[in-house]
Amino acid sequence: MVLERWAQLASDERSEAFLAALRERLQHQSQVPPLPSGWHSESAMLAADGFEYGGDFFVADMVGDALQMVLVDACGHGPSAVPDAVQFAGALGALVLALPPEDVMSAANTYLLRRGRPDGFTTAVQLSVRFSTGGYRICTAGHPPVMRWCATAAEWIVDNARGTALGVTECPAMLITEGVLAPGEALMFYTDGVVEARGTDIGDGILMLRDLAREAVADGFVGAPGRILTDLTRGEDDRAVLILRRDPA
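Residues numbered from 1 in each chain as written. Predicted model: local features only at pLDDT ≥ 70, side-chain atom pairs only at ≥ 80, totals over all residues. Heavy atoms only, no water.

A. Representation of the nonpolar core. Counting 23 residues, the largest nonpolar core has Trp-156, Met-188, Tyr-190 and Ile-243 as the members making the most contacts within it. Among the elements that line this core, the one with the most residues is helix α4 (residues 202-216), at five residues. In contact with Trp-156, other than residues within four places in its own chain, are Met-147, Arg-148, Trp-149, Ala-186, Leu-187, Met-188, Arg-210, Ala-213, Arg-214, Val-217, Phe-221 and Ile-243. (Core = buried A, V, L, I, M, F, W, Y, C linked by side-chain atoms within 4.5 Å. Buried < 20%, exposed > 50% of the residue type's maximum accessible area, 1.4 Å probe, protein only. Helix = DSSP H or I, 4+ residues; strand = E, 2+ residues; numbered from the N terminus. Contact = heavy atoms within 4.5 Å.)

B. Here's a closer look at the pairing of strand β4 (residues 122-130). Burial within β4 is extensive, with eight of its nine residues counted as buried. Relative to β4, strand β3 (residues 66-74) runs antiparallel, the two sharing nine bridges. Directly across from Leu-71, in β4, lies its bridge partner Val-125. Bridge count between β4 and strand β5 (residues 135-141): five bridges; the pairing is antiparallel. Looking across to β5, one finds that Val-125 is bridged to Thr-140. Between β4 and the antiparallel strand that follows it, β5, lie four residues; Gly-134 among them carries a positive phi value of about 85 degrees. (Pairing = 2+ DSSP bridges.)

C. Layout of the pattern of salt bridges. Throughout the structure, instances matching the rule amount to four salt bridges. The salt bridge partner of Arg-245 is Asp-247, with a shortest N-O separation of 3.6 Å. Take Arg-245: its relative accessible area is 17%, and that puts it in the buried class. Three or more residues are tied together by salt bridges with common partners; here these are Glu-155, Asp-211 and Arg-214. (Salt bridge = Lys/Arg side-chain N within 4 Å of Asp/Glu carboxyl O.)

D. Representation of helix α3 (residues 101-115) within the structure. Taking 1.5 Å as the rise per residue, α3 with 15 residues should run 21 Å; its terminal C-alpha atoms sit 22 Å apart, in good agreement. Looking only at α3, the buried set comprises Val-104, Met-105, Ala-108, Asn-109, Tyr-111 and Leu-112. Looking straight down α3, one finds that the buried residues subtend no more than 160 degrees of arc, so they occupy a single side. In this structure, α3 carries Glu-102 and Arg-114 as exposed residues pointing more than 90 degrees from its buried face. (Expected span 1.5 Å × (residues − 1). Arc of directions from axis to C-beta.)

E. Summary view of α4. Taking 1.5 Å per residue, 15 residues should reach 21 Å; α4 reaches 20 Å between its end C-alpha atoms and fits that length. Turning to α4, its buried residues are Gly-205, Ile-206, Leu-209, Leu-212, Ala-213 and Ala-216. In a view along the axis of α4, the buried residues occupy a sector of 130 degrees, so they form one face of it. Across from the buried face of α4, at angles greater than 90 degrees, the exposed residues are Asp-204 and Glu-215. Where α4 is buried, its residues touch β6 (147-150), β7 (155-158), β9 (186-190) and α5 (224-230). N-capping of α4 is provided by Asp-201, with a side-chain oxygen placed 2.8 Å from the backbone N of Gly-203. (Polar contact = N/O pair within 3.5 Å; in protein donor to acceptor, adjacent residues only side chain to side chain.)

Listed below in structure tokens is the structure:
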């Protein structure tokens, strides 16, 4: 009986190491490709207390003159969450390259429904930005709203794109916003762990983040994601911030 217990413990440790390696691989794959002159991206992450098998990741690729990027928070829990996220990341990367931007989120939803995971759902936000004009398109599916740095107002503006999480219904509501990122402006993406905490309202968290982010870029954008997370304590979920910015004219 004792030997069986030791064997089980050894197996659990190997499983934990395997899942940790998969999670590290998932985060390593989340890289923005080299951007044209005048455009920059920077991200930072604060890991949760303990290992929660989180599925936060993003896929990004250059398609012609545009950056196509999808940030994902796979909300399932347990040992299967990370392997599922790795598989979904591969499928999503293929969809980004194969489909027009307006079809990617719908196809991702169909993929998740066919996988049939009743114990979890997935939030996501998709960005398409054309570098020659600064024109962008944002599509949100249950993910916290994107923020845009308005250079003239020197303020972060909360984007209006909203939507239903993926993998819940065959026809999720996915509202879209479009705009132009002017020279000196930026877009900020973040995971729900940045603005959500047990016993607090997400609206208050969004307002808090807007204030922190305004202070973080007061002296420039370089290092801003890290400065934002410095003022946040570790919680029950990973916390990540990504900023895409355009140089001033």
